[in-house]
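Residue-level structural notes
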Amino acid sequence: MLEYRNLKQRSLIMEKMWSGRFSEAASSLLDEFNASIMFDRELYQEDIEGSIAHATMLTEQGILNKDELESIKKGLAQVKEEIEAGEFTWELSDEDLHMAIEKRLTAIIGDTGKKLHTARSRNDQVAVDFRRYVLRKNKEIMSLIHALMTALHKVAGKHSETLIPGMTHLQHAQPTNFAFHLMAYGSMFKRDFERFEDSYRRNNISPLGCAALAGTPHNINRQSTANQLGFDSVSTNCLDTVSDRDFAIEILFNISMAMMHISRFAEEMILWSSYEFKFITFSDAYSTGSSIMPQKKNPDAAELLRGKSGRVYGNLMSLLTVMKGLPLAYNKDTQEDKEGVFDSVKTMEISLKILRESLLTLTVHEDNMKAACKVGHLSATDLADYLVEHCDIPFREAHFITGKAVAKSEELGIDLSDISYEELKAIDGRIEENVMPYMSIKHSMNARTSEGGTSTVRTIEQLAKFNSWLEENNSF
Ligand code: ARG
């Protein structure tokens, strides 16, 4: 905010690039309201690369000469250096980074700088810069998701026999193993990865050369700039292209979805780290203390992973709403696209790193997970399945008989997995002694051998598939 005010002061004395038809100076209040320079400098790399590609193409087309191109390239290299060294003066009156860079370029190289904007508008300029930023971030996020998935696979690899109660309605349901549980998140992160990849592919199209909205009479070559900037192709309709922010909305949605998955995972880990569960302990490095209660060790990292989903959903809603009533083509409302995306991208990146580290450094309390499986009659479905399979009893009736066995166990104050054969026989005479293995928790987990099921054998198979996918998808 402080920086913002200083910029405002300076702006009062600056002249505008578009001021030809104006006779009055802009209100300083409008300067402050209208400018994006406080935040769009994040795009400086893309802007400079875009300008070099554009100038190169203008030279290929005979619109600039070679000396002019060399001078522009040198000037832009200096601008880049100044920005990276923190020596660049960002003036609020320049409105946005595009004009600030062009102004500085002209100050360095003289009038040739003024030729750079031939056959270009800030509308296609910002479209190309922002799109390339979003594409770059898609890739960076994919690599962070991949690193998280690799860590998840590593931790899960140790726990394909570690029993943990599987739940529905947050009530004990059926025994599973911890690797199976972790790999459920692995499946979600894989879908997230593929979503970013898919968006990358769909949006890798060059807007440069669309100019303000309708193209340009100059003899440009859009394919050349597209090739130089690494785009797959050139956009089809200029009117759409300069006002299209689908790529930005897509990354906001992809981030929201991934953060929703992270939030669910964080919620489970918060529960697991409580005294009531005690399934895991977070390392000290990813926990915090209380200012008043000396004994406290709080899962703040996981809570923030859960909480930050709120802000990224907000950013998504915000841009969807900005865009929904806009007539074609560019409208200044569109400038509202950036801050939310920058914020969501940063939130996503740090969240993926924090989750990965938290996961790699936590301690798993296998005994507590196992002990929890002895509460809540987790082998009930197995008893019903036994009655169907071995006694030829219809499932509905088997369900009822099992209910009786559960009630008996409650009456005896034991878990169903510890009920005796005699008690079971008394409930239904068709039950034989071979029922006993079905009552074991481990047997129950390992019995679920259907494809995608929790048995250790199926879990190991799933881990192997996951690992092959990780290996096949490790180049971005
Ligand atoms: N700062 C503007 C933005 O981010 C750049 C495009 C401005 N174009 C215009 N015709 N005013 O959207």
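Preceding block: the structure.
Bear in mind the structure is a predicted one, so any value in this text is a computation, not a measurement. (Residues numbered from 1 in each chain as written. Predicted model: local features only at pLDDT ≥ 70, side-chain atom pairs only at ≥ 80, totals over all residues. Heavy atoms only, no water.)

Taken together, the residues surrounding the ligand are Ser36, Asp96, His98, Arg122, Asn123, Val126, Tyr330, Gln335 and Lys338. Between a nitrogen atom of the ligand and a side-chain N or O atom of Ser36, the distance comes to 3.1 Å. One of the side-chain N or O atoms of Tyr330 is found 2.4 Å from an oxygen atom in the ligand. For the ligand, whose accessible area on its own is 340 Å², the fraction buried by protein is 86%. Across the shell around the ligand, the residue classes break down as two nonpolar, four polar and three charged. (Near = heavy atom within 4 Å. Polar contact = N/O pair within 3.5 Å; in protein donor to acceptor, adjacent residues only side chain to side chain. Areas by Shrake-Rupley, 256 points an atom, 1.4 Å probe, with all protein chains shown as cover. Nonpolar A, V, L, I, M, F, W, Y, C, P; charged D, E, K, R; others polar.)

Nonpolar side chains tend toward joint burial in soluble globular proteins. Core analysis: the largest hydrophobic core is formed by 87 residues, its most contacted members being Phe130, Phe189, Ile255, Phe265, Met269, Val341 and Met348. The element that contributes the greatest number of residues to this core is helix 10 (residues 246-272), accounting for 14 residues. Discounting residues that sit within four places of it in the chain, Val341 has contacts with Phe130, Tyr133, Val134, Ala248, Ile251 and Leu252. In terms of nonpolar packing, the next biggest core, distinct from the first, is built from 18 residues, Ala380, Leu383, Cys391 and Tyr421 among them. (Core = buried A, V, L, I, M, F, W, Y, C linked by side-chain atoms within 4.5 Å. Buried < 20%, exposed > 50% of the residue type's maximum accessible area, 1.4 Å probe, protein only. Helix = DSSP H or I, 4+ residues; strand = E, 2+ residues; numbered from the N terminus. Contact = heavy atoms within 4.5 Å.)

A side chain with one charge may pair with a side chain of the opposite charge, provided their charged atoms come close. A full pass over the atoms with the stated rule returns 34 salt bridges. Across the pair Asp337 and Arg245 runs a salt bridge, and its minimum N-O distance is 2.7 Å. Taken together, the residues span a long stretch of sequence, with Asp337 in the loop between helix 12 (309-323) and helix 13 (338-361) and Arg245 in the loop between helix 9 (238-243) and helix 10 at a distance of 92 residues. Asp337 sits in the buried class, given a relative accessible area of 2%. Classification of Arg245 as buried rests on a relative accessible area of 1%. The shortest N-O distance in the salt bridge between Lys338 and Asp337 comes to 2.9 Å. A relative accessible area of 3% means that Lys338 is categorised as buried. (Salt bridge = Lys/Arg side-chain N within 4 Å of Asp/Glu carboxyl O.)

Before going further, it helps to examine unusual backbone geometry. At the junction of Leu328 and Ala329, the peptide bond is cis and its omega measures out at 5° in the coordinates. With phi around 55°, Asp392 is a residue other than glycine that occupies positive phi space. The topology assignment puts Asp392 in the loop between helix 15 (380-391) and helix 16 (395-412). For Asp392, a relative accessible area of 70% translates into the label exposed.

Take Lys137: it is sitting in helix 6 (residues 122-156). Residue Lys137 is classed as buried on the basis of its relative accessible area, which comes to 9%. A distance of 2.8 Å separates the side chain of Lys137 from the side chain of Glu140, its partner in a polar contact. Setting aside anything within four residues of it in sequence, one finds Lys137 in contact with Ile251, Val345 and Glu349.

Our next topic: the packing of helix 3 (residues 44-60) against helix 6. What describes two packed helices is the angle between their axes and the distance between those same axes. Where helix 3 meets helix 6, the axes come as close as 9 Å, and the angle between the chain directions of the two elements is 125°. Classified by the interaxial angle, the pair formed by helix 3 and helix 6 is oblique. When you trace helix 3 past helix 6, the crossing you get is right-handed. Residues Gln45, Glu46, Asp47, Glu49, Gly50 and Ser51 of helix 3 form the contact with helix 6, whose participating residues are Gln125, Asp129, Arg132, Tyr133 and Arg136. A per-class count over the contact of helix 3 with helix 6 returns one nonpolar, four polar and six charged. (Axes fitted to C-alpha atoms, helices over the stretch in contact; angles between N-to-C directions. Parallel < 35°, antiparallel > 145°, perpendicular 65-115°, else oblique. Left-handed = near helix turned anticlockwise from the far one by under 90°.)

Okay, empty space enclosed by the protein next. Per the stated rule, a full pass over the model turns up two cavities of 30 Å³ or more. There is about 40 Å³ of room inside the largest cavity. Every residue lining the largest cavity is listed: Lys16, Trp18, Ala26, Leu30, Asp31, Asn34, Leu92, Ser93 and Glu95. When the residues that make up the lining of the largest cavity are grouped by side-chain class, the tally is four nonpolar, two polar and three charged. When its volume is computed, the second largest cavity comes out at roughly 30 Å³. Lining the second largest cavity, in full, are Val134, Leu135, Asn138, Ser199, Tyr200, Asn203, Phe247, Glu250 and Ile251. Counting residues per element, the ones that place at least two in the lining of the second largest cavity are helix 6, helix 7 (178-203) and helix 10. (1 Å grid on protein atoms, 1.4 Å probe; cavity = no way out; pocket = protein on both sides within 12 Å on 5 of 7 lines; lining within 4 Å. Points joined across faces, edges and corners; volume = space filled by probe spheres on them.)

To continue, consider the packing of helix 3 against helix 4 (residues 66-84). Where helix 3 contacts helix 4, the axes come no closer than 9 Å and their chain directions differ by 175°. Comparing their axes, helix 4 and helix 3 come out roughly antiparallel. Mapping the contact onto sequence places Tyr44, Gln45, Ile48, Ser51, Ile52, Ala55, Thr56 and Thr59 in helix 3 and Lys66, Leu69, Ile72, Lys73, Leu76, Val79, Lys80, Ile83 and Glu84 in helix 4. Counted by class, the contact of helix 3 with helix 4 contains nine nonpolar, four polar and four charged residues.

Along the chain, the position of Ala212 falls in the loop between strand 3 (205-206) and helix 8 (222-228). Take Ala212: its relative accessible area is 32%, and that puts it in the partly exposed class. Residues Ala212 and Ser243, spaced 31 residues apart in sequence, show a C-alpha to C-alpha distance of 9.9 Å.

As defined by bridge partners, strand 1 (residues 163-168) adjoins strand 2 (residues 171-177) across six bridges and the pair is classed as antiparallel. In the sheet register, Thr168 faces strand 2, and the bridge partner there is Gln171. (Pairing = 2+ DSSP bridges.)

Next up on the list: helix 12. Spanning 15 residues, helix 12 covers 22 Å between terminal C-alpha atoms, matching the ideal 21 Å at 1.5 Å per step. Where helix 12 is concerned, the buried positions are Ser309, Val312, Asn315, Leu316, Leu319, Val322 and Met323. Projection of helix 12 onto a plane perpendicular to its axis shows the buried side chains occupying an angular sector of 165°, all on one side. Looking at the buried positions of helix 12, the neighbouring elements they touch are helix 9, helix 10, helix 11 (300-307) and helix 13. (Expected span 1.5 Å × (residues − 1). Arc of directions from axis to C-beta.)

Bringing the packing of aromatic side chains into the picture now. Within the structure shown, the criterion is met by twelve aromatic pairs. Centroid distance Phe178 to Trp272: 5.5 Å. Interplanar angle 70°. Geometry classified as edge-to-face. You can see Phe178 sitting in helix 7 and its partner Trp272 sitting in helix 10, a full 94 residues away along the chain. Relative to Phe265, the ring of Phe189 lies with its centre 6.4 Å away and its plane at 45°, an arrangement referred to as tilted. Placement of the pair is Phe189 in helix 7 and Phe265 in helix 10, with a sequence separation of 76 residues. Stacked on the ring of Tyr200, the Lys or Arg Lys139 has its end atom at 4.3 Å from the ring centre. (Phe/Tyr/Trp six-rings, centres within 6.5 Å; stacked < 30°, edge-to-face > 60°. Lys NZ or Arg CZ within 6 Å of the ring centre and 35° of its normal.)

So yeah, pure geometry; function would need other evidence.
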